[in-house]
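What follows is each chain in one-letter form.
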Amino acid sequence: MALLSVDELTVTFTQRGRRDVKAVSGVSFDVDQGQVVGLVGESGCGKSVTSLALMGLLPSRGVRTGGRADFDGTDLLTLSPKGMRDLRGSQLAMIFQDPLSSLNPVVPIGVQVTEILARHRGMKGEAARREAASLLDRVGIPDPTRRLKEYPHQLSGGMRQRALIAMAVACAPRLLIADEPTTALDVTIQAQILELLRELVDEEGTALLMITHDLGVVAGLCDQVNVLYAGKVVESAERRELFDAPTHPYANGLLGSIPRLDAPRGEPLRPVRGSINDTIAWEDGCAFAPRCDHYTLECLKGTPALEEPRKPGHQVRCVNPVLSDGAAGLRESALPGPDEVPGTEADGEGGPAVDEPVEKTEPAEKDAAVGTAGTAEKEAGA
Ligand SMILES: Nc1ncnc2c1ncn2[C@@H]1O[C@H](COP(=O)(O)OP(=O)(O)OP(=O)(O)O)[C@@H](O)[C@H]1O
Ligand code: SF4
Ligand SMILES: [Mg+2]
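None of these values were measured; they are calculated from a predicted model.

What to know about the site of ligand 1
Then, in step 1: Close to ligand 1 lie Phe13, Val21, Ala23, Gly41, Ser43, Gly44, Cys45, Gly46, Lys47, Ser48, Val49 and His213.
Then, in step 2: Mapped onto the shell around ligand 1, the elements with two or more residues apiece are β2 (21–31) and α1 (47–54).
Then, in step 3: By residue number, the principal contributor to the shell around ligand 1 is α1, which donates 3 residues.
Then, in step 4: In the shell around ligand 1, the residues fall into 5 nonpolar, 6 polar and 1 charged.

Looking at the site of ligand 2
Then, in step 1: Close to ligand 2 lie 13 residues, the nearest being Cys286, Cys292, Tyr295, Cys299 and Cys318.
Then, in step 2: In terms of residue class, the shell around ligand 2 is built from 10 nonpolar, 3 polar and no charged.

With respect to the environment of Gln33
Then, in step 1: Structurally, Gln33 is set in the loop between β2 and β3 (36–40).
Then, in step 2: For the pair formed by Gln33 and Gly205, sequence separation is 172 residues and the distance between their alpha carbons is 5.8 Å.
Then, in step 3: Ignoring sequence-local partners within four residues, the contact set of Gln33 consists of Leu3, Gly205 and Ala207.

Description of the packing of helix α4 (residues 109–121) against helix α5 (residues 125–138)
Then, in step 1: Put simply, α4 and α5 touch, their axes get as near as 9 Å, and they point 115° apart. Relative to α5, the element α4 is oriented roughly perpendicular. For the element pair α4 and α5, the recorded crossing hand is right-handed. On the side of α4, the interface is formed by Gly110, Val113, Thr114, Leu117 and Ala118, while α5 contributes Ala128, Arg129, Glu131, Ala132 and Leu135.
Then, in step 2: Along the lines of polarity and charge, the residues of the contact of α4 with α5 split into 6 nonpolar, 2 polar and 2 charged.

Let's talk about the sheet that holds strand β1 (residues 4–13)
Then, in step 1: Read across the sheet, 4 strands follow the order β2-β1-β4-β5 without closing on themselves; strand pairing throughout is antiparallel. With one partner strand each, in any of the chains shown, β2 and β5 (74–75) form the two edges of the open sheet.
Then, in step 2: Note that β1 and strand β4 (residues 63–71) share 8 bridges and pair antiparallel. Paired with Asp7 across the two strands is Arg68, which belongs to β4.
Then, in step 3: Contacts between α1 and the sheet are confined to β1, β2 and β4, with β2 contributing the most and set at about 65° to the helix.

Some thoughts on the packing of α4 against helix α7 (residues 157–169)
Then, in step 1: Direction vectors running N to C along α4 and α7 enclose 15°, while the axes themselves pass 9 Å from each other. Our classification of the angle between α4 and α7 gives roughly parallel. Between α4 and α7 the crossing geometry is right-handed. Residue-level contacts link Ile109, Gln112, Val113 and Ile116 of α4 to Ala163, Ala166 and Met167 of α7.
Then, in step 2: Tallied by class, the residues present in the contact of α4 with α7 amount to 6 nonpolar, 1 polar and no charged.

Remarks on α5
Then, in step 1: An ideal rise of 1.5 Å per residue puts 20 Å on 14 residues; α5 measures up with 20 Å between its terminal C-alpha atoms.
Then, in step 2: Taken as a whole, α5 has its buried residues at Ala128, Ala132, Ala133, Leu135 and Leu136. What you see down the axis of α5 is that its buried residues fit within an arc of 160°, all on one side. Turned more than 90 degrees from where α5 packs its buried face, Glu126 and Ser134 sit exposed.
Then, in step 3: For α5, the elements touching its buried residues are α4, α6 (144–148) and α7.
Then, in step 4: Immediately downstream of α5, the backbone of Gly140 shows phi near 85°, a positive value.

Rules behind the numbers
By convention here, each chain's residues receive numbers from 1 onward along its written sequence. Throughout, the order in which chains and ligands are written sets their labels, letters from A for the former and numbers from 1 for the latter. Per-residue local features are limited, in this predicted model, to residues with pLDDT of at least 70; the limit for side-chain atom pairs, both in listing and counting, is 80 or more; totals at the level of whole chains, interfaces and linings are taken over all residues. Any residue whose C-beta atom, as placed from the backbone, lies within 6 Å of a molecule or strand is termed near it. A run of H or I in DSSP counts as a helix once it spans at least four residues, and a run of E counts as a strand once it spans at least two, with each numbered from the N terminus. Any residue that is not Ala, Val, Leu, Ile, Met, Phe, Trp, Tyr, Cys, Pro, Asp, Glu, Lys or Arg is counted as polar, Gly included; the first ten are nonpolar and the last four charged. Contact criterion: two residues are in contact if their C-beta atoms, reconstructed from the backbone, are within 7 Å. Interaxial angles span 0 to 180 degrees and are taken between N-to-C directions of axes, which are lines fitted to C-alpha atoms, for helices over the stretch in contact. For this classification, under 35 degrees means roughly parallel, over 145 means roughly antiparallel, 65 to 115 means roughly perpendicular, and everything else is oblique. By convention the crossing between two helices is left-handed if the near helix lies anticlockwise of the far one by an angle smaller than a right angle, and right-handed if it lies clockwise. What makes two strands pair is DSSP finding at least two bridges between them. One fewer than the residue count of a helix, multiplied by 1.5 Å, yields its expected span. Burial is judged by counting the other C-beta atoms within 10 Å of a residue's own C-beta: 20 or more makes it buried, 12 or fewer makes it exposed, and any count in between marks it as partly exposed, with every C-beta position built from the backbone. The directions from the helix axis to the C-beta atoms are what the arc is built from.

Spelled out as structure tokens, the structure:
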């Protein structure tokens with residue numbers, strides 16, 4: 001059984017006099033011990049809200065949650081605040097995107113780390129200070145004893161993020177949720193942080209839920225990838241399978257939109273047209289329809305189910321999936337792969353890059369069927 005099993009998680013924000021916001025519309029995925037699972041998708045698709053729901057950190061008012069999130073047999077969504085506090089730190093930990101706003105600016109780093117050690121491991125005094133220094137050392141912060149006395153603003157961005165990771169790993173959590181932990185960092189520090197996370201997974205068997213919109217991070221770190229669109233998983237596959245055969249038109253477009261160093265000079269970029277605002281409610285059909293080059297009227301007959309059109313375990317929520325090989329025009333090998341991210345497996349496979357564009361279908365009823373599609377096409381100059 002998976003360590004974390006999320007089943008049809010929904011999160012709706014409600015505010016009197018305003019329309020409800022369905023931030024997460026039925027997300028399901030599993031994370032096993034020692035596995036890195038990616039949650040990928042563009043801004044606003046519900047990645048952070050999903051993680052906050054799992055950590056019990058959503059506001060207590062104006063939010064409705066549904067579904068289940070079983071962590072080792074306990075449903076995190078119905079756990080009491082005290083039960084959740086006991087799990088956080090000792091079994092569950094989270095690294096937030098912005099280390100400065102996650103650390104207390106007026107408390108030295110050392111006090112913040114030793115507080116965690118005192119609360120979850122009962123360590124005090126010199127023993128806690130020694131352990132805190134050893135944790136900072138482990139995450140690669142030089143001169144840890146001196147750094148323990150410093151305040152967050154005295155550390156560089158990379159060091160602050162490392163300090164946060166030190167705090168997250170202080171109690172050897174069984175599940176670590178990392179919400180865009182490297183977005184604000186330069187690529188060198190990014191690679192070091194990813195290496196650190198990989199070590200944690202390999203050495204401690206930690207389960208890691210990696211939230212990112214960076215496909216390079218996914219290529220370097222994740223075992224399994226879930227692509228989110230408008231609050232739902234639209235494609236879920238093992239990393240290599242997803243990069244070799246992105247089958248949902250959104251995932252296919254996402255991979256195809258990445259600029260490649262080996263592309264001929266002057267080759268135009270191929271963005272996914274429109275924006276996350278061009279969606280329809282899942283109840284009315286596929287939310288991606290207004291931006292999709294593959295849709296037909298069939299796409300508007302309710303929410304498409306997750307199916308396995310290619311092979312078992314590769315799930316796709318689409319009635320007209322992209323089944324032509326290499327349609328995204330991108331292979332995993334075109335991204336900073338495992339061999340370029342230190343500490344990750346370098347197996348050297350992954351076929352040649354393919355230049356073939358996405359195969360288009362042109363259903364006659366297209367504009368009539370989905371209201372905003374015509375507008376989006378005009379904006380994109382189609
Ligand atoms: N407190 C809130 N009240 C109302 N809506 C919210 C609230 N928090 C988030 N949302 C909405 O929920 C949706 C999902 O937000 P979320 O922060 O999970 O996106 P994300 O995928 O993490 O994006 P990003 O990549 O920009 O971090 C968005 O439409 C957002 O506006
Ligand atoms: S083909 Fe249809 S179901 Fe598939 S992504 Fe496009 S609009 Fe959605
Ligand atoms: Mg976010």
